[in-house]
Protein chains: 2
Amino acid sequence: MASVIPASNSSMRSDRNTYVGKRFVHVKNPYLDSMDEDILHHLDLGTKTHNLPAMFGDVKFVCVGGSPNRMKAFALFMHKELGLEEAEEDIKDICAGTDRYCMYKTGPVLTISHGMGIPSISITLHELIKHARCCDVTIIRIGTSGGIGIAPGTVIITDIAVDSFFKPRFEQVILDNIVTRSTELHKELSEELFNCSKEIPTFRTLIGHTMCTYDFYEGQGRLDGALCSFSREKKLHYLKRAYKAGVRNIEMESTVSAAMCGRCGLTPAVVCVTLLDRLHCDQINLPHDVLVEYQQRPQLLISNFIRWRLGLCD
Amino acid sequence: MASVIPASNSSMRSDRNTYVGKRFVHVKNPYLDSMDEDILHHLDLGTKTHNLPAMFGDVKFVCVGGSPNRMKAFALFMHKELGLEEAEEDIKDICAGTDRYCMYKTGPVLTISHGMGIPSISITLHELIKHARCCDVTIIRIGTSGGIGIAPGTVIITDIAVDSFFKPRFEQVILDNIVTRSTELHKELSEELFNCSKEIPTFRTLIGHTMCTYDFYEGQGRLDGALCSFSREKKLHYLKRAYKAGVRNIEMESTVSAAMCGRCGLTPAVVCVTLLDRLHCDQINLPHDVLVEYQQRPQLLISNFIRWRLGLCD
């Protein structure tokens, strides 16, 4: 693949961010080294069937999001934005052997779909990180979310991911113990992303807390699920308390993403567009073209950020 | 669509099961009736754009499973097994407008993919149940799982779904309260399924507890994730305790499935094949053809069950 990216890391804009500089992705598992072969079941990749370091060694940006179609669209967009020479039709799904996830590589950008919810993205992250022999990797979740007290279409850069109780924690069950992990996102990266957003006048971007739930209906206080045991007043009281605690949007993957990536040496960010204001409604009833345009907003921001980092947009 | 199924419910084999008889699917949400329109966002269906009662009113069996390709294969298999006259190429994905899930209808059988994990299947179930004006609906999760202490390829019919602490409960966060729900599967249905399995001599079927976790790696005691903080001995100790508590397999959707379906008037079952014995290994390294054949086992059992219920295989 022809690439606009020089091989050396010295080309990275380390002058503009102090946290880049040979920070290797690492696993925290003493058992992996002793394995003769490792099959990444859900990605349909393996250490004997694929040369993973050769395939992914130059990755600097990992972009993850729920929907396969949306992430394919982002990969094609990045391909164009980076001015890569490879024909668009040659950008193939690296995980074509499975229907669980899809994955595309365009220059130093790896784009992957992760399905919906903490368990689904957790599998993606484990299998992605296990054999990543990369350094200085920024991982950004590009998602959709419900906003609280802000206009639909606003893009939120997460500073801290919180759980349903507004706590900055992810509770990981390990065997039958509950281990609490921190869910802070990378402050400098968030600020860098926010600075990039100032160059885009067509939509508003904020930094705020993101609430991550295990459920889209009852867990997010929706009145339109198959089950609903609380009143409209209780719902609004809950969402207003969330707002007061700093929460600006709600989604379903940020806490585990922050907890895992931070521990494994990746620099994580979460950037989601809001599709509705939950203080006003529960239903996502945007016209199709508006929905598509909203979904492109975080993609545009991340594309600008990556191009800026690579020195392509001065 | 030509159908082999008479319109009247009296044709159902109610002589062989006492729990069939005008049990309506119902929602427990007083707000739904007042909605002018309900958009089922993740299924790309809606009450104004689709005639949901006409589309789904005759559904008697709902079969759900994680993988879209596997569920499409099951729908085509059921179409053949029911001897439906419609051409195979006319069986279209009802949710073609979204890439979140896929859905097929073949006679009285609705087949849907639900992605991976509790949050993902929970969204499917909410949107599926909300406007289901059906009665006597059996819902069966057809999945893959890790076995404990049993040969790979064994099919497990779940009697009770338990959590990581071997408790028969599903903890649903509602606003910021934790509500505990029962996860018992339907005893008579499980026994009926087990009786059907006796007609299939090519694989072994058991009834047992199924453990449902939020995570495939640390939460299931795997030594091959990106993070692993426990020893092989601790892992084995945990899995042996699970076995002693009656757990025969581990998957990621059964508790919420049991909890939601039971509350909404559907008769739920969970039938999963085991792909490995977790007392021996963590990796799924079956040859492709063996994996495919294992995955077909619960499909074959459910097909036999549905045909038996419909009086098609005496």
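Since we're looking at a predicted model, the values are computed, not measured. (Residues numbered from 1 in each chain as written. Chains lettered and ligands numbered in written order. Predicted model: local features only at pLDDT ≥ 70, side-chain atom pairs only at ≥ 80, totals over all residues. Heavy atoms only, no water.)

Peer 1: Where do I start with the overall build of chain A in this structure?
Peer 2: Looking only at helices and strands, chain A features seven helices and 12 strands. Here chain A has a C-alpha radius of gyration of 19 Å; the compact-globule value for 314 residues is 20 Å, and the two agree. With respect to the principal axes defined by its C-alpha atoms, chain A has extents near 55 × 50 × 35 Å. Burial analysis of chain A (314 residues in total) assigns 60% to the buried set. Look at the contacts in chain A between residues 6 or more apart in sequence, and 77% of them connect residues 24 or more apart. If you average the places of the 35 positive and of the 37 negative side-chain charges in chain A, the two averages end up 6 Å apart. (Helix = DSSP H or I, 4+ residues; strand = E, 2+ residues; numbered from the N terminus. Rg over C-alpha atoms; globule rule 2.2 N^0.38 Å. Buried < 20%, exposed > 50% of the residue type's maximum accessible area, 1.4 Å probe, protein only. Contact = heavy atoms within 4.5 Å. Lys, Arg positive; Asp, Glu negative; His and termini not counted. Charge placed at Lys NZ, Arg CZ, Asp CG, Glu CD.)

Peer 1: When you look at the layout of surface pockets in this model, what are you seeing that I'm missing?
Peer 2: For the largest pocket, the calculated volume is near 1,000 Å³. Around the largest pocket, the lining comprises 45 residues; the ones closest to its centre are H41, T98 and R100 of chain A together with L291 and Q295 of chain B. When contributions to the lining of the largest pocket are tallied by element, the ones reaching two or more residues are β2 (45-46) of chain A together with α2 (68-81), β6 (138-147), β11 (247-251), β12 (267-277) and α7 (288-309) of chain B. At six residues, α7 of chain B tops the list of elements feeding residues into the lining of the largest pocket. Broken down by class, the residue content of the lining of the largest pocket amounts to 14 nonpolar, 22 polar and nine charged. (1 Å grid on protein atoms, 1.4 Å probe; cavity = no way out; pocket = protein on both sides within 12 Å on 5 of 7 lines; lining within 4 Å. Points joined across faces, edges and corners; volume = space filled by probe spheres on them. Nonpolar A, V, L, I, M, F, W, Y, C, P; charged D, E, K, R; others polar.)

Peer 1: What am I meant to see in the UniProt feature "binding site: phosphate" (unreviewed entry) in chain A here?
Peer 2: UniProt records the feature "binding site: phosphate" (unreviewed entry) for R100, R141, I142, G143 and T144 of chain A in the present numbering. None of the other annotated residues line the largest cavity; only R141 and T144 of chain A do. The exposure class assigned to R100 of chain A is partly exposed, which follows from its relative accessible area of 22%. The contacts of R100 of chain A, once residues within four sequence positions are left out, are H42 of chain A together with G66, S67, R70, M116 and T144 of chain B. Take G143 of chain A: it is sitting in strand β6 (residues 138-147). Not counting chain neighbours up to four residues away, the residues in contact with G143 of chain A comprise R70, V271, C272, V273 and P298 of chain A. (UniProt positions renumbered as here; feature names shortened; annotations may be inferred.)

Peer 1: What's the story with the interface of chain A and chain B in this structure? I'm lost.
Peer 2: Note on interface size: it is often stated as the accessible area lost on association of the parts. Taken together, the contacts link 71 residues of chain A with 71 residues of chain B. Between chain A and chain B, the buried area comes to about 6,100 Å², and carbon and sulfur atoms account for 60% of it. Its largest share of buried area at the contact with chain B, chain A owes to Y31, M116 and L175 of chain A, together 13% of the area lost on that side. The tally of links from chain A across to chain B stands at four salt bridges. Between D176 of chain B and R241 of chain A there is a salt bridge, with the nearest N and O atoms lying 2.6 Å from each other. Where chain A touches chain B, the interface holds 32 residue pairs in polar contact (both at pLDDT 80 or more). (Buried area = accessible area lost by both parts, 1.4 Å probe. Salt bridge = Lys/Arg side-chain N within 4 Å of Asp/Glu carboxyl O. Polar contact = N/O pair within 3.5 Å; in protein donor to acceptor, adjacent residues only side chain to side chain.)

Peer 1: For this particular structure, what's the right way to read the side chain of T158 of chain A?
Peer 2: All names here are of chain A. Among the secondary structure elements, T158 is positioned in strand β7 (residues 155-162). For T158, a relative accessible area of 0% corresponds to the buried category. Polar side-chain contacts of T158 include one of 2.6 Å to the side chain of T210. Residues in contact with T158, not counting those within four places in the same chain, are L185, S190, G208, T210 and V270.

Peer 1: Which parts of the structure should I look at to understand the packing of helix α4 (residues 187-197) of chain B against α7 of chain B?
Peer 2: If you want to describe how two helices pack, look at the angle between their axes and the distance between the axes. All names here are of chain B. Between α4 and α7, whose axes approach to 9 Å, the crossing angle comes to 105°. For the element pair α4 / α7, the angle class is roughly perpendicular. Touching L189, E192, L193, C196 and S197 of α4 are L301, I302, N304, F305, W308 and R309, all from α7. Tallied by class, the residues present in the contact of α4 with α7 amount to seven nonpolar, two polar and two charged. (Axes fitted to C-alpha atoms, helices over the stretch in contact; angles between N-to-C directions. Parallel < 35°, antiparallel > 145°, perpendicular 65-115°, else oblique.)

Peer 1: Looking at this structure, how should I read the confidence of the model for chain A?
Peer 2: Detailed reading of the predicted coordinates is not advisable wherever pLDDT falls low. Residues and elements named next belong to chain A. Per-residue pLDDT for chain A has a mean of 92; in total, 93% of the residues score no lower than 70. Below pLDDT 50 for its whole length, residues 1-18 participates in 34 contacts with residues either more than four positions away or in separate chains. Two summary scores accompany this predicted model of the complex, namely pTM at 0.93 and ipTM at 0.93. (pLDDT = per-residue confidence, 0-100.)

Peer 1: Just to check I follow, could you spell out empty space enclosed by the protein for this structure?
Peer 2: One water molecule sets the probe size; rolling that probe over the atoms shows where empty space is left. If you walk through the whole model with that rule in mind, you get seven cavities of 30 Å³ or more. Lining the largest cavity are 23 residues, and of these T144, S145 and F216 of chain A together with H42 and R100 of chain B sit closest to its centre. Residue assignment for the lining of the largest cavity shows that the elements contributing at least two residues are β6, β11 (247-251) and β12 (267-277) of chain A. With four residues, the top contributor of residues to the lining of the largest cavity is β6 of chain A. Of the residues that constitute the lining of the largest cavity, the class distribution is seven nonpolar, nine polar and seven charged.

Peer 1: How should the UniProt feature "domain: Nucleoside phosphorylase" (unreviewed entry) in chain A be read in this particular structure?
Peer 2: Under the feature "domain: Nucleoside phosphorylase" (unreviewed entry), the UniProt entry names residues 60-307 of chain A. Secondary structure across residues 60-307 of chain A comprises 32% helix and 27% strand; the distance between its end C-alpha atoms is 12 Å.

Peer 1: Whenever I open this one, the relation of the copies chain A and chain B confuses me. Can you help?
Peer 2: What relates the pair of chain copies is a rotation about an axis plus a shift along that axis. Superposition of chain A onto chain B requires a rotation of 180° combined with a translation of 0.0 Å along the rotation axis, giving an RMSD of 0.0 Å. The two molecules are tied by a two-fold rotation axis, judged by turn and shift. (Least-squares fit on C-alpha atoms with pLDDT ≥ 70 in both.)

Peer 1: Would you mind showing me how to read the state of the cysteines here?
Peer 2: Covalent bonding between the sulfur atoms of two cysteines is what defines a disulfide. Summed over the entire model, instances satisfying the criterion amount to zero disulfides over all chains. With no disulfide of its own, C212 of chain A lies closest to C272 of chain A among cysteine sulfurs, the gap being 9.7 Å. Residue classification places C212 of chain A among the buried residues on the basis of a relative accessible area of 3%. The structure places no disulfide on C135 of chain B, whose sulfur is separated from the nearest cysteine sulfur, that of C134 of chain B, by 7.8 Å. (Disulfide = S-S within 2.5 Å.)

Peer 1: I tried to follow the pattern of salt bridges on my own but got confused; where do I start?
Peer 2: Counted by the stated rule, this structure contains 28 salt bridges over all chains. The salt bridge involving E218 of chain A is made with R181 of chain B; its shortest N-O contact spans 2.7 Å. Remark: R181 of chain B occurs in strand β9 (residues 177-182) and E218 of chain A occurs in the loop between β10 (205-212) and α5 (232-244); the pair is interchain, linking two chains. Overall, R181 of chain B belongs to the buried group, its relative accessible area being 7%. Here E251 of chain B and R141 of chain B are joined by a salt bridge, their closest N and O atoms 2.9 Å apart. Pair noted here: E251 of chain B is in strand β11 and R141 of chain B is in strand β6, with a separation of 110 residues, a long-range link. Residue E251 of chain B shares its accessibility class with R141 of chain B, and that shared class is buried. Several salt bridges converge on common partners, so that one network encompasses R141, E251 and E253 of chain A.

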